[in-house]
Structure formats: structure tokens, C-alpha cells
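Structural description and commentary
Residues per chain are reported as follows:
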Amino acid sequence: MADIKKLAEELVKLTVLEVNELKNHLKEEYGIEPAAAAVAVAGPAAGGDAAAADEKTEFTVTLKDAGSQKVAVIKAVKEITGLGLGEAKAIVDGAPAPVVEKVSKDDAEAAKKTLEGAGASVELS
């Protein structure tokens, strides 16, 4: 069995990036969604990195509604994602659904503009 004190000491020393990696690992490998409190505990230990971590650098473009020009929106999704026609249609049919995830602000804005130009309603998060 693991030494609980030693484990706790190591957790407190983690940087914000390391806590995020740990969270992702627990979710992917074990299906565990860590509570927000675990991330909050590590925040103060990071010191100056906390302010930088607050600035959002990754965005998700979510298709809220395809609108009246569904075919144009499917083509736009296909263009943005590089998916096949069937997969792009599945995203549009499944709206609201994410089109692209963890992209830069510029890429997210470009995807939003393309989708809105095709007649879709889109949300950035």
C-alpha cells in the first residue's frame, strides 16, 4: 500500500500543467473524473504560473444548429475537420455537437466564421 503522506506531499508539489496531465490520465486510463477541489489545491502551489493558467488557450467549436442550409454546413464541417462526408453529416445531424476541440483561438474563430457563413449557429467555449 502507498505511503499516504508521501503521496500527499507529491501531489501538493505538482504544477498546474502536471495536475492537468494527472487529471487527463485518470480520466482516460481509469474513467475517473477528478473533483475540481483537487485542481484548486494545486493552484496556489504553482505560484506565478496560476495567472498564466487562467488565460484560455484552447477552444472548442460547437455546432448548435445547422440552420436551413444543412448541406452547406455538412460541407463546411467536412472542410474544417478533414472528415469524410458521412462523418461530417453525423456531426451535423447530432447537433449540438463539437466540431473541433482544443484548437487555438485563431483556428476556432476561423472555423466559427466558416460555419456561420454556411448558415449554422455556433458557440465557442
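In this report, the structure presented in the accompanying data block is examined. (Residues numbered from 1 in each chain as written. Predicted model: local features only at pLDDT ≥ 70, side-chain atom pairs only at ≥ 80, totals over all residues. Heavy atoms only, no water.)

**What to know about the side chain of T60**
Heads up, the rule is: The way it works is that DSSP assigns letters per residue, a run of H or I at least four long becomes a helix, a run of E at least two long becomes a strand, and they are numbered from the N terminus. Residue exposure (1.4 Å probe, protein chains only): buried if accessible area is under 20% of the type maximum, exposed if over 50%, otherwise partly exposed. Working rule for contacts: check all heavy atoms of both residues, and any pair within 4.5 Å makes them a contact.
As for its placement among the helices and strands, T60 is situated in strand β1 (residues 59-65). The buried category is assigned to T60, whose relative accessible area is 18%. Setting aside chain neighbours within four positions, we find T60 in contact with P98, V100, E101, K102, E123, L124 and S125.

**Regarding the sheet that holds β1**
For the record, the criterion: Two strands qualify as a pair provided DSSP detects at least 2 bridges between them. Fitted lines through C-alpha atoms serve as axes, helices being fitted only where they are in contact, and the angles separating the N-to-C directions of these axes extend from 0 to 180 degrees.
Strand order in the open sheet formed by 3 strands is β2-β1-β3, and the pairing between neighbours is antiparallel. A strand with exactly one partner marks an edge of an open sheet, and here the two such strands are β2 (97-103) and β3 (121-124). Averaged over all adjacent pairs, the angle separating strand axes in this sheet is 20°, with direction ignored. Taken together, the 4 bridges between β1 and β3 define a ladder with antiparallel strand orientation.

**Considerations on the environment of I74**
The topology assignment puts I74 in helix α5 (residues 70-81). Judged by its relative accessible area of 9%, I74 falls in the buried class. Each C-alpha atom of the pair I74 and A120 lies 9.7 Å from the other, and the pair is 46 residues apart in sequence. Apart from the residues lying within four places of it in its own chain, the contact partners of I74 are L85, A88, K89 and V92.

**Looking at the nonpolar core**
Selection criterion: Definition used in this section: a nonpolar core is a set of buried Ala, Val, Leu, Ile, Met, Phe, Trp, Tyr and Cys residues joined via side-chain atoms within 4.5 Å.
If you look at the biggest cluster of nonpolar residues, it comprises 21 residues, and the most contacted ones within it are V61, V73, V77, V92, V99 and L115. Of all the elements in the fold, those that place two or more residues in this core are β1, α5, α6 (85-93), β2 and α7 (105-117). Dropping the residues within four chain positions of it, V77 is found in contact with G82, A88, I91, V92, V99 and L115.

**Let's talk about the pairing of β1**
Regular strands place their side chains on alternate faces of the sheet. Burial within β1 is extensive, with 5 of its 7 residues counted as buried. Inspection of the sheet shows β1 paired to β2 by 4 bridges, in the antiparallel sense. Bridging from a neighbouring strand, L63 pairs with A97 of β2.

**Topic: the side chain of T62**
Residue position: T62 is located in strand β1. Judged by relative accessible area, which is 12%, T62 ranks as buried. If sequence neighbours within four positions are ignored, T62 has contacts with A97, P98, V99, S121, V122, E123 and S125.

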